[in-house]
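This is what each chain is made of:
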Amino acid sequence: MRLRRDEPIQIKTPAQIAIMREAGLVTAAALHAAIAAVAPGISTAELDAIAEREIRLAGAVPSFKGYHGYPATICTSVNNQIVHGIPSAEQVLRGGDVISIDCGAIVDGWHGDSAVTVHVGHGDDGAEPGSPGDAELAGLLRACEQALWHGLAQAVAGRRLSDISHAIARAARAAGRYGIVREYTGHGIGTQMHMDPAVPNFGRPGRGPVLQEGMALAIERMLVLGQPQTRLLDDEWTVVTEDGSWAAHFEHTVAITADGPWVLTAPDGGVSGFATLAGRKTLAGRNAPEPVAAGAGDQQKARD
Ligand code: MF3
Ligand code: CO
């Protein structure tokens, strides 16, 4: 992603955050529809069509399409692909694969951005030779998602930006011996998908800008089973691990509000995700609880 330096961080009014919530819910619905269709035999181009349809039905606009020439609504990154994989009719999922789906939508000029990684069924005879085992992959996905939630929990007014970075890094290290991808960061988000500040996934706490009510961030975290070095494929989008190890990517858009972090791309605003930090349940992938009904203050009505 490219950021213009030295731009002040965009501060949103509560009314603008409410529109970003709509964008977040559309993004979540499109991601959910694509994830629900994940199964052996489906192509990543088909998943892209499902997500695009969901976004357009909501009267919103896919934000990735046309972004620096990007050709699709979602990014689909399979197995050793870390991020920015381009959907294709030739890329057909197999049992045992993992797929990261990244999606963004615009409502009235305001952006949402979110990504999730799921395991495609369970390993079977169709699985890619040498695939990691189910338990190893489940551990990777859980560690990656949990680290993201540790970062989201730091999106609190008065904390500093690197408190988020530090919480993510510490949680990832505590989770096991995973490769921590450093080249790709989270980002500010609002009237554009990528805005200041960059949100690194490592670093010492207590540094960087003080977080303020009205800021919104897309926090994203990538973990790999092997070494974290990356390589860009010839399509100039797809980022893969240099060592071929498999990867996970989770991302949410969060607003810093007077009431704490509001995870705009989580249907329940983050309630169940933050509950996992207290060790009450696990969330990874398709085992995530069904989205709960929007509570008071959620702008579900605006989509009807
Ligand atoms: N969530 C991804 C990111 O922030 C979105 C990439 S959009 C694309 O990097 F258009 F560049 F694919
Ligand atoms: Co992003």
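Residues numbered from 1 in each chain as written. Chains lettered and ligands numbered in written order. Predicted model: local features only at pLDDT ≥ 70, side-chain atom pairs only at ≥ 80, totals over all residues.

Peer 1: Break down the overall build of the protein chain for me, citing the residues and quoting the values.
Peer 2: In terms of helices and strands, the protein chain carries five helices and 13 strands. A separation threshold of at least 6 residues defines the contact pool for the protein chain, and within that pool the share at least 24 residues apart is 72%. (Helix = DSSP H or I, 4+ residues; strand = E, 2+ residues; numbered from the N terminus. Contact = placed C-beta atoms within 7 Å.)

Peer 1: Lay out the sheet that holds strand β11 (residues 239-241) in plain terms, naming residues and giving numbers.
Peer 2: Spatial strand order, β3-β11-β10: three strands in an open sheet with antiparallel pairing. Looking at strand neighbours, the two that pair on one side only are β3 (81-83) and β10 (230-232), the edges of this open sheet. Direction aside, neighbouring strands of the sheet carry axes that sit 40 degrees apart on average. In this structure, β10 lies alongside β11, joined through three bridges in antiparallel fashion. (Pairing = 2+ DSSP bridges. Axes fitted to C-alpha atoms, helices over the stretch in contact; angles between N-to-C directions.)

Peer 1: Could you give an account of the packing of helix α1 (residues 14-37) against helix α2 (residues 44-57), naming the residues involved and the relevant values?
Peer 2: Closest axis-to-axis distance for the α1/α2 pair is 8 Å, and the angle between their directions is 150 degrees. With respect to α2, the element α1 is oriented roughly antiparallel. Pair α1 / α2 crosses with right-handed handedness. Contacts from Val 26, Ala 29, Ala 30, Leu 31, Ala 33, Ala 34 and Ala 37 of α1 reach α2 at Leu 47, Ile 50, Ala 51, Glu 54 and Ile 55. Of the residues belonging to the contact of α1 with α2, the class tally is 11 nonpolar, no polar and one charged. (Parallel < 35°, antiparallel > 145°, perpendicular 65-115°, else oblique. Left-handed = near helix turned anticlockwise from the far one by under 90°. Nonpolar A, V, L, I, M, F, W, Y, C, P; charged D, E, K, R; others polar.)

Peer 1: I'd love a proper account of α2, names of residues and values included.
Peer 2: The end-to-end C-alpha separation of α2 is 20 Å, in line with the 20 Å expected for 14 residues at 1.5 Å each. Considering only its buried residues, α2 is in contact with α1, β1 (61-62), β2 (74-78) and β4 (98-107). (Expected span 1.5 Å × (residues − 1).)

Peer 1: Explain the environment of Arg 177 residue by residue, including any values.
Peer 2: Among the secondary structure elements, Arg 177 is positioned in the loop between α4 (161-175) and β6 (179-180). Separated by 49 residues in the primary sequence, Arg 177 and Gly 226 place their C-alpha atoms 8.4 Å from one another.

Peer 1: Account for the environment of Cys 75, naming residues and giving values.
Peer 2: Within the fold, Cys 75 resides in strand β2. Cys 75 sits 27 residues away from Asp 102 along the chain, and the two C-alpha atoms are 5.0 Å apart.

Peer 1: Any chance you could break down the pairing of strand β13 (residues 260-263) for me, citing the residues and the numbers?
Peer 2: As paired strands, strand β12 (residues 247-257) and β13 are joined by four bridges and run antiparallel to one another. Of the residues in β13, the one forming a bridge with Thr 257 is Gly 260. Linkage of β12 to β13, two consecutive antiparallel strands, is achieved through a turn of two residues.

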